Amino acid sequence: DPLGGCIRWSSNACDSSIAPITTTTTTTVVATTAGTTTTTTSTTATQEVVMALAGNTCPNGYVKLTTLAGCQSSMNELSLSNFAGTENENSWPGGCYYCNNVPGCTNGVWFNFATLGASNGGATPICAVPGWEDNIDLSVDTMFIGDSDIARWDSDIIIPNSVNVGVGGYTCDDVNGIIDGNLQTYNPKWVVIVCGENDLFDQSVSATFSDFKVIIGKIIASGAQAIYVGTKPEPSTKSIHSKYQNYDALIREYADSLAIGNSSPTLVMIDVYPAFINLGNPKSLYDKDRLHLSSQGYGYWNTWTTTALNDPLGGCIRWSSNACDSSIAPITTTTTTTVVATTAGTTTTTTSTTATQEVVMALAGNTCPNGYVKLTTLAGCQSSMNELSLSNFAGTENENSWPGGCYYCNNVPGCTNGVWFNFATLGASNGGATPICAVPGWEDNIDLSVDTMFIGDSDIARWDSDIIIPNSVNVGVGGYTCDDVNGIIDGNLQTYNPKWVVIVCGENDLFDQSVSATFSDFKVIIGKIIASGAQAIYVGTKPEPSTKSIHSKYQNYDALIREYADSLAI
């Protein structure tokens, strides 16, 4: 008997034990002949937290721990370090208990939501004096709640100051049964919730969604914000994947509707299903049961949830593949004027203004927050850098696989750090690349005029011309032909109103086009430049070692341009 206090044993477990030593204070007062007194006080203290004997009861004078946070806090009192997890099992001790080499039980401290529970082998309850839990500050920043996907997640290790109260097998209805107490106990700022998949095995989408909305209503009413981590396309549940998708669709709409009129979303969604499909939904995302997540699957959840919790602008409603797909409108400019009449017959006017930030860095993705638009000009993109105190302009491109317009990369795989301008207007989300956006009309107020504009193919795009030549702009795009340049020259001449245009094009054309056709395209460009009032500088072809087979075409092309330049000068 480790504590030496068991009175009655049954099936190798203690059913009744002796009360602990309680706190006693004895004071002895002795009068002396000198009229003074001597006081002696001795105190014996009660141990506030104890590990009981194997069984399902606490020693007299102690009670079961009823909260997960109380259970975890008790570990410090007993110098225990391994928290094994949570459960809802009637066959193990209720509340907080400890296993050490107990058959069927992973070593460590467990918290069992099954309040009654039962004795089981050598599992030993952890108990405390009444009221001990009342003195613990159980507040956390983030509470994780839901089914086995939450219960199996090491979220409290990954996310600082968080608690995980997930229970395997729980439905949204089950979560509704424990959410109130947990909100009151942990007073979280954020609640990360996963529920619905277990419900949809034998319940309709609409009924499950109704239960979900009740949970979210309680979270919002407590003052917290919710993050819903969506369903996943597990290989073992294909028969109900259509229900999963319909359920998530309802939650997307619900999250958008809750965001209307708010400065930050009360419900944020991490859209897992399409994100896993985009990854190819490999088996490596799942455990051997093809239902629960593997460490790789949880790795994605860790990243996505951390991003959502640390949302730099606080406005993203829905995340997919770690990029924001939908966000809240910014605060708009409002001016309030109050006029107060005084007894002297004068008036006092007080005006307060809340200004909109004209240029913002959006959340990772390919969209701007509501009230902002993409930047459509290179000069607008470069001007935005001053507004955001950014100094490194990385270059231009025409890539459908990166955000359209102006965007920023900082340690994004495959992207050089800095600000990029993408001529591919639509573009696409890509990792952590973040669009730079402005209020409508902001670019219209910028004087984009330059002395010199550089335009053309990769020889222009790779040239640090805007650093070498003062008051210049470089709008070169790798891979461009003269025909491609024709497609962008008009807008750029209008935008930048240059005095000089430095142009390089033709080499890419001559791989599969005749010299005469390429020269015709070139003359159209020069005609547009001259018509705008600018002068053109053509930088000729170069004898690259890798293109020897078409060097004769290069020379013929340049010969035509020499004659053309001479003729224009007459």
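It should be noted that the structure appears before, not after, this text.
These notes cover the structure that comes with them. (Residues numbered from 1 in each chain as written. Predicted model: local features only at pLDDT ≥ 70, side-chain atom pairs only at ≥ 80, totals over all residues. Heavy atoms only, no water.)

Across its full length, the protein chain holds 14 helices and 29 strands. Counting across all 570 residues of the protein chain, residues that qualify as buried make up 47%. Long-range contacts, defined as pairs at least 24 residues apart, comprise 65% of the intrachain contacts of the protein chain with a sequence gap of at least 6. Carbon and sulfur atoms form 50% of the exposed surface of the protein chain, whose accessible area is close to 27100 Å². (Helix = DSSP H or I, 4+ residues; strand = E, 2+ residues; numbered from the N terminus. Buried < 20%, exposed > 50% of the residue type's maximum accessible area, 1.4 Å probe, protein only. Contact = heavy atoms within 4.5 Å. Areas by Shrake-Rupley, 256 points an atom, 1.4 Å probe, with all protein chains shown as cover.)

Together, Trp463, Trp500, Ile537 and Val539 line one region of the surface with nonpolar side chains, adding up to about 330 Å² of accessible area. Considering the arrangement of structural elements, one finds Ile537 in strand 29 (residues 535–538). Relative accessible area serves as the criterion here: at 37%, Ile537 is assigned to the partly exposed category. (Patch = residues over 30% accessible without salt bridge, like charges linked within 9 Å, V, L, I, M, F, W, Y side chains within 5 Å. Salt bridge = Lys/Arg side-chain N within 4 Å of Asp/Glu carboxyl O.)

A word on the packing of aromatic side chains. Applying the stated criterion across every chain yields a total of 21 aromatic pairs. The interplanar angle of 5° and the centroid separation of 6.1 Å between the aromatic rings of Trp402 and Tyr407 together place this pair among those described as stacked. Here Trp402 matches Tyr407 in class, with each residue buried. (Phe/Tyr/Trp six-rings, centres within 6.5 Å; stacked < 30°, edge-to-face > 60°.)

Axis separation between helix 5 (residues 205–221) and helix 6 (residues 241–259) bottoms out at 10 Å; the angle between their running directions is 35°. For the pair helix 5 and helix 6, the crossing hand works out as right-handed. Residues Val205, Thr208, Phe209, Phe212, Lys213, Ile216 and Ile220 of helix 5 lie in contact with helix 6, whose contacting residues are Lys243, Asn246, Tyr247, Leu250, Ile251, Tyr254 and Leu258. (Axes fitted to C-alpha atoms, helices over the stretch in contact; angles between N-to-C directions. Left-handed = near helix turned anticlockwise from the far one by under 90°.)

Let's shift gears to the state of the cysteines. Taken as a whole and assessed by the stated rule, the structure comprises 9 disulfides. A sulfur-sulfur separation of 2.1 Å characterises the disulfide bridge that pairs Cys172 with Cys195. Looking down the S-S bond of the Cys172 and Cys195 bridge, the torsion is 95°, so its handedness is right-handed. Here Cys172 is found in helix 4 (residues 172–186), whereas its partner Cys195 is found in the loop between strand 13 (190–194) and helix 5, with 23 residues between them in sequence. Relative accessible area serves as the criterion here: at 0%, Cys172 is assigned to the buried category. Its relative accessible area of 2% is what places Cys195 among the buried residues. (Disulfide = S-S within 2.5 Å.)

Glancing now at the sheet that holds strand 26 (residues 452–456). With respect to topology, 4 strands assemble into an open sheet ordered 27-26-28-29, the strand pairing being parallel. On the outer flanks of this sheet lie strand 27 (472–474) and strand 29, each paired with one strand and no other. Direction aside, the axes of adjacent strands within the sheet are offset by 20° on average. Pairing of strand 28 (residues 500–504) with strand 29 involves 4 bridges; the strand directions are parallel. The partner of Val502 across the bridge, within strand 29, is Ile537. (Pairing = 2+ DSSP bridges.)

Another aspect to go through is the pairing of strand 11 (residues 142–146). With 5 of 5 residues buried, strand 11 is to be regarded as a mostly interior element. Here 3 bridges tie strand 11 to strand 12 (residues 162–164), and the two strands are oriented parallel to one another. Across the sheet, Phe144 pairs through a bridge with Asn164, a residue of strand 12. In this sheet, strand 13 lies alongside strand 11 in parallel orientation, the contact comprising 5 bridges. Residue pairing in the sheet places Thr142 in a bridge with Trp190 of strand 13.

Moving on, we get to the sheet that holds strand 15 (residues 267–270). Strand pairing within a sheet occurs via backbone hydrogen bonds; the two strands may be parallel or antiparallel. Taken in spatial order, the 7 strands make up an open sheet running 12-11-13-14-15-16-17, and their pairing is mixed. The open sheet has two free edges, formed respectively by strand 12 and strand 17 (323–327), since each of these has just one partner strand. The average undirected angle you get between the axes of adjacent strands in this sheet is 20°. Strands strand 14 (225–229), strand 15, strand 16 (316–320) and strand 17 of the sheet are contacted by helix 6, whose axis makes an angle of about 145° with strand 15.

Here the focus is helix 12 (residues 482–496). Between its first and last C-alpha, helix 12 extends 19 Å over 15 residues, near the 21 Å set by a 1.5 Å rise per residue. Along helix 12, the helix axis deviates most sharply at Ile488, where the bend reaches about 40°. Looking at helix 12, one finds that the buried residues are Cys482, Val485, Asn486, Ile488, Ile489, Asn492, Leu493 and Tyr496. Against the buried residues of helix 12 lie helix 9 (378–387), strand 26, strand 27, strand 28, helix 13 (515–531) and helix 14 (551–569). Phi turns positive one or two residues past the end of helix 12, at Asn497, with a value near 45°. (Expected span 1.5 Å × (residues − 1). Bend = angle between axes of the 7 residues up to and from the residue.)

This part is about the packing of helix 12 against helix 13. In contact at an axis separation of 9 Å, helix 12 and helix 13 are set at 5° when each is read in the N-to-C sense. Classed by the angle they form, the pair helix 12 and helix 13 counts as roughly parallel. Every residue of helix 13 that contacts helix 12 at Cys482, Asp483, Val485, Asn486, Ile489, Asp490 and Leu493 is listed here: Thr518, Asp521, Phe522, Val524, Ile525, Lys528 and Ile529. (Parallel < 35°, antiparallel > 145°, perpendicular 65-115°, else oblique.)

Next up on the list: the pairing of strand 14. In terms of residue burial, strand 14 counts as a mostly covered element, since 4 of its 5 residues are buried. Where strand 13 meets strand 14, 4 bridges bridge the pair, whose relative direction is parallel. Looking at the pairing, Val192 lines up with Ile227 of strand 14. Crossover handedness for the path strand 13 to helix 5 to strand 14: right-handed. This β-α-β element, strand 14 to helix 6 to strand 15, shows right-handed connectivity. (Right-handed = clockwise from strand over helix to strand, strands pointing away.)

By size, the foremost hydrophobic cluster in this structure holds 62 residues, and its most contacted members are Met143, Phe212 and Tyr247. Sequence-distant contacts of Met143, that is, excluding residues within four places in its chain, are made with Val163, Val165, Ile179, Asn182, Leu183, Tyr186, Pro188, Trp190, Val191 and Val192. Listed in part, the 52 residues of the second largest apolar core include Val419, Val439, Leu448 and Val475. (Core = buried A, V, L, I, M, F, W, Y, C linked by side-chain atoms within 4.5 Å.)

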